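# Residue-level structural notes
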Amino acid sequence: MGITTINKHLISIKDLEKIEIESILDRASFFASSLERGVCGYNIDQLNPVICNLFFEPSTRTRFSFEVAAKKLGYHVLNFDSSKSSTQKGETFYDTIKTLEAMGVNAAIIRCTEENLIQEIADRVELSLINAGSGTKEHPSQALLDLLTIREHFGKIEGLKIAIIGDIKHSRVASSNISALNKMGAELLLSGPESLQLDTKESNCNQVDIDTAIKEADVVMMLRVQKERLGSYPDMDTFKINSDDYHKEYGLTLDRANLMQKHAMIMHPAPFNRGIEIDGELVEGPRSLIYKQVSNGVATRMAILERALKQL
Ligand code: CP
């Protein structure tokens, strides 16, 4: 029994057919119910796969949920620390990945600032590459766990109205979710500060004012302002607003939450800023799916790792 890892990258939601998304969600549901029953439901192979987390940007949820997911599957986990690695001596990203591959690492989980770094080397390596968030455009594992959370709660995705509100322009979560939700037949309503929105031609979604988005949506997905990315966008120098004003103008305040339909639910990929894009009381309130998203992150990443490391 061996492990095959060829051509099982997960780099962009755009690469997945709807049927493949559904198959990942089905496996993620299986893992979610196994975890709820306190079992893994997985046979550990004699030759346990090895995965390596390579995070060149900060992360709490994605990094640790990939690690928890891998451990629940019985995989070995290496955690790469770029500040103590040979990248400090000039080793390239490609040479780092080839070195790990030569050691028998089966999958690399990568978070990086560059938009296309992972895609550029994908055809030159045999281990599976899993995008854990790159640049402003791709965060496929987050979009998949969001789909699972919506499907679990509503029993479907098709036909639902999903409002995504906040800094959409710099959010890889928004970009991957727009792609995934469009594919699954949801209707999207985008809203937030004008200068932090996508061109409607680029997003192919309805742009509406915040109160309309909140009133009409089945799911209100709030996003934080990606302050760490504003500096690389000269046009963003003009986006200066204090936290209180942001909360009043663009945040999910308690008053705005009262505009939501009775059945509508709140989501946020986190990390969230209580009192800025969302009132702190709503985070743990009865309409919040935010911590469900975090637990579904483990089940979804189990399904993603399983897909990447199919055992023969
Ligand atoms: N949602 C998300 O990607 O969180 P982390 O940055 O903590 O991984």
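Look up a bit, the structure's there.
Scope of this entry: the structure provided in the associated data block. Owing to the predicted nature of the structure, the values given are computational and were not obtained by experimental measurement.

### Comments concerning the pairing of strand β5 (residues 161-165)
Along a regular strand, successive side chains alternate from one face of the sheet to the other. Summarising burial for β5: 4 of the 5 residues are buried, a large majority. Sheet topology note: the β5/strand β6 (residues 187-191) ladder contains 5 bridges and is parallel. In the sheet register, I164 faces β6, and the bridge partner there is L190. For the segment spanning β5, helix α6 (residues 172-183) and β6, crossover handedness is right-handed. Where β5 and strand β8 (residues 219-222) come together, 4 bridges link them in parallel fashion.

### A short note on the site of the ligand
In the neighbourhood of the ligand, the contacting residues comprise S59, T60, R61, T62, R111, H139, Q142, P269 and A270. Between an oxygen atom of the ligand and a side-chain N or O atom of S59, the distance comes to 2.6 Å. Between the ligand and Q142 there is a distance of 3.1 Å, counted from a nitrogen atom to a side-chain nitrogen or oxygen. Most atoms of the ligand, that is more than half of them, are within 2 Å of grid points of the largest pocket. Looking at side-chain class alone, the shell around the ligand contains 2 nonpolar, 5 polar and 2 charged residues.

### Things to note about the packing of aromatic side chains
Applying the stated criterion across every chain, the model contains 4 aromatic pairs. The interplanar angle of 75° and the centroid separation of 6.1 Å between the aromatic rings of F56 and F93 together place this pair among those described as edge-to-face. Taken together, the residues F56 in the loop between β1 (50-55) and α2 (61-72) and F93 in helix α3 (residues 93-102) connect sequence positions 37 residues apart. Between Y246 and Y250, the ring centres sit 5.2 Å apart and the planes meet at 50°, which makes this aromatic pair tilted. Taken as a pair, Y246 and Y250 lie in helix α10 (residues 243-250) at a separation of 4 residues, close to a single helical turn. The pair formed by Y246 and Y250 is uniform in burial state, with each residue classed as buried. Between the NZ or CZ atom of R124 and the centre of the ring of Y94, over which it lies, the distance is 3.8 Å. The positively charged end of R301 is found above the aromatic ring belonging to F66, 5.2 Å away from the centroid.

Conventions used here
Residues numbered from 1 in each chain as written. Predicted model: local features only at pLDDT ≥ 70, side-chain atom pairs only at ≥ 80, totals over all residues. Heavy atoms only, no water. Buried < 20%, exposed > 50% of the residue type's maximum accessible area, 1.4 Å probe, protein only. Helix = DSSP H or I, 4+ residues; strand = E, 2+ residues; numbered from the N terminus. Pairing = 2+ DSSP bridges. Right-handed = clockwise from strand over helix to strand, strands pointing away. Near = heavy atom within 4 Å. Polar contact = N/O pair within 3.5 Å; in protein donor to acceptor, adjacent residues only side chain to side chain. 1 Å grid on protein atoms, 1.4 Å probe; cavity = no way out; pocket = protein on both sides within 12 Å on 5 of 7 lines; lining within 4 Å. Sits in = over half its atoms within 2 Å of the grid points. Nonpolar A, V, L, I, M, F, W, Y, C, P; charged D, E, K, R; others polar. Phe/Tyr/Trp six-rings, centres within 6.5 Å; stacked < 30°, edge-to-face > 60°. Lys NZ or Arg CZ within 6 Å of the ring centre and 35° of its normal.

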